[in-house]
2 protein chains.
Amino acid sequence: MADLARELGVSMTTISRALSDHYSIGPAMKQKVLKLAKKYNYQPNRLASALRKGKSQLLGIVVPYIEGRFFPSVVHGIESAASKAGYNVIICQSNEDVAQERRNLDILLSAQVAGVLVSLSRTTRDFRHFEKLRSRGMPLVFFDRIVEGDNVNAVVLDDQEGGYVSTRHLIEQGCRRIAHIAGPQHLNIYKNRRQGYLDALREAGLPEDESLIVYTDMIQSQAIDAMRDLLASPIPPDGVFAAGDYGALGALQEVHRQGLRVPQDVAIAGFSNETFTVVTEPSITTIDQRCEEMGQAAVRLLLELIEADGRPFAPRQVALRPELLVRNSSVRNSSVRNSLVRHPEGERLVEAAAKASKLA
Amino acid sequence: MADLARELGVSMTTISRALSDHYSIGPAMKQKVLKLAKKYNYQPNRLASALRKGKSQLLGIVVPYIEGRFFPSVVHGIESAASKAGYNVIICQSNEDVAQERRNLDILLSAQVAGVLVSLSRTTRDFRHFEKLRSRGMPLVFFDRIVEGDNVNAVVLDDQEGGYVSTRHLIEQGCRRIAHIAGPQHLNIYKNRRQGYLDALREAGLPEDESLIVYTDMIQSQAIDAMRDLLASPIPPDGVFAAGDYGALGALQEVHRQGLRVPQDVAIAGFSNETFTVVTEPSITTIDQRCEEMGQAAVRLLLELIEADGRPFAPRQVALRPELLVRNSSVRNSSVRNSLVRHPEGERLVEAAAKASKLA
DNA sequence: TTACTTTACACAATCGATTGTGTCGATCAA
DNA sequence: TTGATCGACACAATCGATTGTGTAAAGTAA
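Residues numbered from 1 in each chain as written. Chains lettered and ligands numbered in written order. Predicted model: local features only at pLDDT ≥ 70, side-chain atom pairs only at ≥ 80, totals over all residues.

J.: How should the packing of helix H10 (residues 220-232) of chain A against helix H11 (residues 245-257) of chain A be read in this particular structure?
T.: For any two helices packed against each other, one specifies the inter-axial angle together with the distance between the axes. Residues and elements named next belong to chain A. One way to put it is that H10 packs onto H11 with a least axis distance of 7 Å and a crossing angle of 50 degrees. Regarding the angle of H10 to H11, the classification is oblique. Seen from above, H10 lies across H11 with right-handed handedness. For the pair H10 and H11, the contacting residues are Gln-220, Ser-221, Ala-223, Ile-224, Met-227 and Arg-228 in the first and Tyr-246, Gly-247, Leu-249, Gly-250, Ala-251, Gln-253, Glu-254 and Val-255 in the second. Looking at side-chain class alone, the contact of H10 with H11 contains 7 nonpolar, 5 polar and 2 charged residues. (Axes fitted to C-alpha atoms, helices over the stretch in contact; angles between N-to-C directions. Helix = DSSP H or I, 4+ residues; strand = E, 2+ residues; numbered from the N terminus. Parallel < 35°, antiparallel > 145°, perpendicular 65-115°, else oblique. Left-handed = near helix turned anticlockwise from the far one by under 90°. Contact = placed C-beta atoms within 7 Å. Nonpolar A, V, L, I, M, F, W, Y, C, P; charged D, E, K, R; others polar.)

J.: I keep staring at the protein's contact with DNA strand D and nothing clicks. Help me out?
T.: In the vicinity of DNA strand D, 24 residues are found, and the nearest of them are Met1(A), Ala48(A), Val10(B), Ser11(B) and Thr14(B). Taken together, the residues that form the surface near DNA strand D break down as 10 nonpolar, 10 polar and 4 charged. (Near = placed C-beta within 6 Å.)

J.: Sorry, what's going on with the interface of chain B and chain A here?
T.: At the junction of the two partners, chain B supplies 59 residues and chain A supplies 58 residues. For the side of chain B that touches chain A, the secondary-structure elements that each account for two or more residues are helix H4 (46-53), helix H5 (70-84), strand E2 (88-93), helix H6 (98-110), helix H11 (245-257) and helix H14 (344-357) of chain B. At 8 residues, the largest contribution of residues to the side of chain B that touches chain A is made by H5(B). Across the side of chain B that touches chain A, the residue classes break down as 31 nonpolar, 16 polar and 12 charged. Bridge count between strand E2 (residues 88-93) of chain A and E2(B): 3 bridges; the pairing is antiparallel. (Pairing = 2+ DSSP bridges.)

J.: Before we go on, may I ask you to explain the sheet that holds strand E8 (residues 239-242) of chain B in this structure?
T.: The pairing of strands in a sheet comes from backbone hydrogen bonds and takes either a parallel or an antiparallel form. Residues and elements named next belong to chain B. One open sheet accounts for 4 strands, arranged E7-E6-E8-E9; its pairing is parallel. If you trace the sheet from one side to the other, it starts and ends with strand E7 (213-215) and strand E9 (267-269), each paired once. Each strand axis lies, on average, 15 degrees off the axis of its neighbour in the sheet, ignoring direction. As defined by bridge partners, strand E6 (residues 178-182) adjoins E7 across 3 bridges and the pair is classed as parallel. Following the sheet pairing, His-180 is matched in E7 by Ile-213. On the sheet, helix H9 (residues 188-203) packs against E6 and E8 and is oriented at approximately 170 degrees with respect to E6.

J.: What exactly am I supposed to notice about the environment of Arg311(B) here?
T.: Residue and element names in this part refer to chain B. Along the polypeptide, Arg-311 turns up in the loop between helix H12 (291-308) and strand E11 (317-320). Classification of Arg-311 as exposed rests on a count of 7 C-beta atoms within 10 Å. With 287 residues separating them in the primary sequence, Arg-311 and Ser-24 have C-alpha atoms 28 Å apart. (Buried ≥ 20, exposed ≤ 12 C-beta atoms within 10 Å, placed from the backbone.)

The values reported here are purely geometric and, on their own, carry no functional implication.
So this is what it looks like as structure tokens:
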């Protein structure tokens, strides 16, 4: 900047203001400064700017980890949206550890980020470290794994709605005895998915039978065991709604192992739209979690908060509508079923995934 | 800091030096400063520090995107390793666009990152923007998709070795006519995998038959077509090495569609260890790309560069050994084959993936 | 012409931490 | 006793950009 000022014989003030389009700089001077800046390929030092202004163009993200399908996709959405708004993102992993989560927040604070996006670690039961952010006026938005309550800003998937539409879909396909492979109920997402399942049963006038609900940690092996038990019962289920795709996968495998057919004997629906759900035989009906939309929505909300700049802002909770992806594991209408993996939705997903990992 | 100085009746110099363990500060004073810093929960302003020192504790990452299995895992490895060394990472996506890649580098420069990790966009053919980094003395390490040559620092998977061990494995399983579903040859990774395939054939004294190599964009649909053509030839192959898992998946589906058995009639091996490879029936033999190790190795190299601090540093290329994961799509030994998805390696992977996406 | 705005830019302080140089008292060898 | 050395800390400049305030010159109204 000093170089530019010298060359034009003006002060650095003028340069700075010309570059930021300040009203007190004449159009002629602005042109000259801009041109010279291009010529020298001037890159402002963001640190200096942030230091002086007290606000950087960085958003902090704290996620439990960056693996699997969900979080990378959300981060992808966040980065894209942030980038469009002129922000960059700095990523921290809590590794499901509260202490690490706390450290990450401190780091982000001292990096002077403009705002923070958080998805809670599994071990977070105490939320005081977020109060610290609040007291310093740091904009904060939770996503997916949130602090419950209506005094926080948060973006989540409507898990209850997801459980509801999945179950209703199974009912529409003729299932009358639908089991539920549930996840850990202390997590809001699994609790809500179960509730949606119950809602659909009630709406259809089907009995709520606790013996049809099996609680698991939503891993394949436990789902296999769960399915074995369910099939061994006096009146086995004719449909299964699993609160996660690994649960659906395990169920599918056990049903096959016992020589039964999916979906004719047992229809199956999962949750999360894991990549593998379009690859199994049959492909698995599931719920898309709108990962990218979640990231984008979270950024939008955060940017609003940042722009509010400390002024009173009514906290908002955004719930995204889940999308039911109907695939072959649940469709008992033969004309659709026979399309197998060629199902449009499945195809689209496979292509997208292929594109994504093509050059890796 | 000013507060601490005032409270202790010393200068900010003393505080700063006590905190950074400078030799000219007495041990008694250091203790006092440290204690007071704890008490007030003092967080240094990293911006100010970075501005003054000209070096931040940030590493920049430029990847084509954050999706699929590969890049998120590498980023995971990078973040973990960086975090351990006291660095944070700022992530940029090029979206496979050179222009965006260039912009990202500028942004990282102006953010005063300590170093940059890059995996090239697919459209990058001109490397001048990296010269700019070099001229400013910015430490730079490529990973996976690299600028070829021995004057760059880079970490890659040894793709040729991967192609070699896969193919040799198929040969060991009794395959004598092994086809290759290849990827775009302008990409070093696919070129090298093909070369490894040829190496193994030559070593085993098997003929190199161009009619057995089909070039695709490594997407499922093209692999299906490729496999159909291969099976329609006068002497169909008894083994297939696909340079990517989506290729292997397509091949598997087509073989099944024609009523042939895998691996008895056609053994199949893929590449990349996509999540779905343990879920298909049979599970697919593939190559693990050591994603996390790649990230860690890249960070190690970058930190060395940063510590060299401009002093001459002999550029280094690190090639990671690929790991062959033998699964049921290629094993013609029945005792192993019958273990199906219960194969130890497969199980481990599924569990890991389940854990990773469990709460998403 | 006087008084008052506007326009267009410069001065200098500031953000928070770092660091080369200076200083003062104490210790030490000769 | 004297000059030298060393330990422990303060002063003040510095990183690069931003911004409240000040002020000439030019324009405008009466």
